[in-house]
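Listed here are the chains, written in short residue letters.
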Amino acid sequence: MVTTKKISKGSKSNGKVTPKWNNPNWSFGAVVVALFGMFLFLISLFSPPQIEVINHTVVLTQGIVAPAVLMGAIVWAIVEFFTPPGKSIEDLLVRIIPAFIIGAFVGGLLGYMYNFGDYVINPAFNGNPDALLFLVAVLLSGLAVTWNAAWSHKHGFRGQKGKGSKVLKRSESGTSKGGRGMLGLLIIFIVAILIVPIGAGLGNLFVSGHDNSHVLANESTTSYITGSTGPIPFGQVNGTTTFDFPSSTTNNTTTYYHTVYLQTNLTLGEMNNFAVSQIVISTSDSGNVNLTMGSGTNQTDFVPIISVSSVNGTSIKLPISPQSLTGNQSSPVTFEITANVTALSLSVQTFGNNGLVTVFGPYPVMQVSYLLGAVLLFASAFLEISVYDIDIHAFGSAPVKGGKKA
């Protein structure tokens, strides 16, 4: 453990010179950076999800920002573990700016690739208690990393020596602190970003090959259609729905509105119960049909999930991945349909598993991943904090004398 202390000329007790700290335990600049990082992390995790459809790709903004902030803090902490105690604002800037740039890029990319927003933020905001517990664990572990990095800026962990610095005698060495800190960072990184996608993948692998049955036929029928002019009448025969796109006539000129919202009797929860892997939409139009599957009942509360475009074909296939079904489980499945026609007929077919194997499907395994991940993150957050000592001698030989809290 490295710190700096200086002999004060006039500080004496019983005729002996008393050591006086030359540098405080906290750097003001590091505290300011930690406060800013904490604020940004809180906003990215607990602000309402912002979902955008970009070139038929559904993106949840916070799912990129939150892991970017977390990874920036992790890289900063790694830098502080392997550098001597900082003595100036230049030391802080040289360490933190490159660390956050590199960490934010890597974290944002991983958050996008592994759907952090869909797996963690979206289900937590939609009432999944296991996901909410996991989200809180991610928050606490991220705060532990951030504030430990700020505290570490004034402390050395590799026994570095410099002018006015020396290694203190403690019950835990600086190398030990740095080692457990690195272990905590590794666990936090793996668990926060990867454990839920891994769990979903394992569940998906288990039901793979058993999820091609035609399921939820009655629930896949249409219950309501609405457009910009209000409710739209429709007919339904043997699961096929037929309707006219809304229009208005002014001065003998008819204008058609080519986007409607078709609500089904399906819910996200039912799709999870049957481990649905694909939805096939058969349409009467062989032209260009743009279709987005989402939840909600109309344009006002529609939340996009998957967006596809069908060109010169009457069959639109929607592959359903585990992160697609993490929203409000009681919410109806609704389709936003845009086609340059005046009328359209379509049917919805849902394919999944109709057996007990779905008990081990993606959604149940994800719930286990949330709980296991939360436990690991809470433990890692405790492991990460370096301000206290873990006396490894307490488990064997006698503790080192003179150890004290920094």
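Residues numbered from 1 in each chain as written. Predicted model: local features only at pLDDT ≥ 70, side-chain atom pairs only at ≥ 80, totals over all residues. Heavy atoms only, no water.

Colleague: Could you clarify how one ought to interpret the overall build of the chain in this entry?
Modeller: Counting its secondary structure elements, the chain contains 8 helices and 19 strands. Within the chain, buried positions represent 47% of all 406 residues. Of the roughly 19300 Å² that the chain leaves accessible, carbon and sulfur atoms contribute 62%. (Helix = DSSP H or I, 4+ residues; strand = E, 2+ residues; numbered from the N terminus. Buried < 20%, exposed > 50% of the residue type's maximum accessible area, 1.4 Å probe, protein only. Areas by Shrake-Rupley, 256 points an atom, 1.4 Å probe, with all protein chains shown as cover.)

Colleague: Help me understand the pattern of salt bridges in this model?
Modeller: Opposite charge on two side chains permits pairing when their charged atoms draw close. In the structure shown here, the tally under the stated rule is 1 salt bridge. Here E80 ties to R95 by a salt bridge, and the two come within 2.7 Å at their closest N and O atoms. Placement of the pair is E80 in helix α2 (residues 62–81) and R95 in helix α3 (residues 89–113), with a sequence separation of 15 residues. Taking relative accessible area as the criterion, E80 reaches 0% and is therefore assigned buried. (Salt bridge = Lys/Arg side-chain N within 4 Å of Asp/Glu carboxyl O.)

Colleague: Hey, could you run me through empty space enclosed by the protein in this one?
Modeller: A water-sized probe, rolled over the atoms, reveals where empty space remains. Within this structure, the stated rule accounts for 1 cavity of 30 Å³ or more. Of the volumes computed, that of the largest cavity is approximately 100 Å³. Together, 13 residues line the largest cavity, and A275, V276, P322, L325 and P362 are the ones closest to its centre. Of all the secondary structure elements, the ones that give two or more residues to the lining of the largest cavity are α6 (174–207) and α8 (362–384). Residue classes in the lining of the largest cavity are distributed as 8 nonpolar, 4 polar and 1 charged. (1 Å grid on protein atoms, 1.4 Å probe; cavity = no way out; pocket = protein on both sides within 12 Å on 5 of 7 lines; lining within 4 Å. Points joined across faces, edges and corners; volume = space filled by probe spheres on them. Nonpolar A, V, L, I, M, F, W, Y, C, P; charged D, E, K, R; others polar.)

Colleague: How do you make sense of the pairing of strand β17 (residues 315–319) when you look at a structure like this?
Modeller: Every other side chain in a regular strand lies on the same face of the sheet, so the side chains alternate between the two faces. Judged by which residues are buried, β17 turns out to be one-sided: I316 and L318 face inward and are buried, whereas S315, K317 and P319, on the alternate face, are not. As paired strands, strand β14 (residues 278–283) and β17 are joined by 5 bridges and run antiparallel to one another. Bridge pairing in β17 places I281 opposite I316. (Pairing = 2+ DSSP bridges.)

Colleague: What exactly am I supposed to notice about the environment of T350 here?
Modeller: Structurally, T350 can be placed in strand β19 (residues 343–352). Those residues in contact with T350, other than ones at most four positions away along the chain, are S213, H214, V215, L216, S220, L266, V276, Q278 and I279. A polar side-chain atom of T350 sits 2.9 Å from a polar atom in the side chain of S220. (Contact = heavy atoms within 4.5 Å. Polar contact = N/O pair within 3.5 Å; in protein donor to acceptor, adjacent residues only side chain to side chain.)

Colleague: Looking at this model, I keep getting lost on the packing of helix α1 (residues 28–46) against α2. Mind explaining?
Modeller: Each pair of packed helices can be described by the angle between their axes along with the distance between the axes. As a packed pair, α1 and α2 sit with axes 8 Å apart at the nearest point and diverge in direction by 155°. By the angle class used here, α1 and α2 are roughly antiparallel. For the pair α1 and α2, the sense of crossing is left-handed. Residues A30, V33, G37, L40, F41, S44 and L45 of α1 lie in contact with α2, whose contacting residues are Q62, V65, A66, V69, L70 and W76. Of the residues in the contact of α1 with α2, the class split is 10 nonpolar, 3 polar and no charged. (Axes fitted to C-alpha atoms, helices over the stretch in contact; angles between N-to-C directions. Parallel < 35°, antiparallel > 145°, perpendicular 65-115°, else oblique. Left-handed = near helix turned anticlockwise from the far one by under 90°.)

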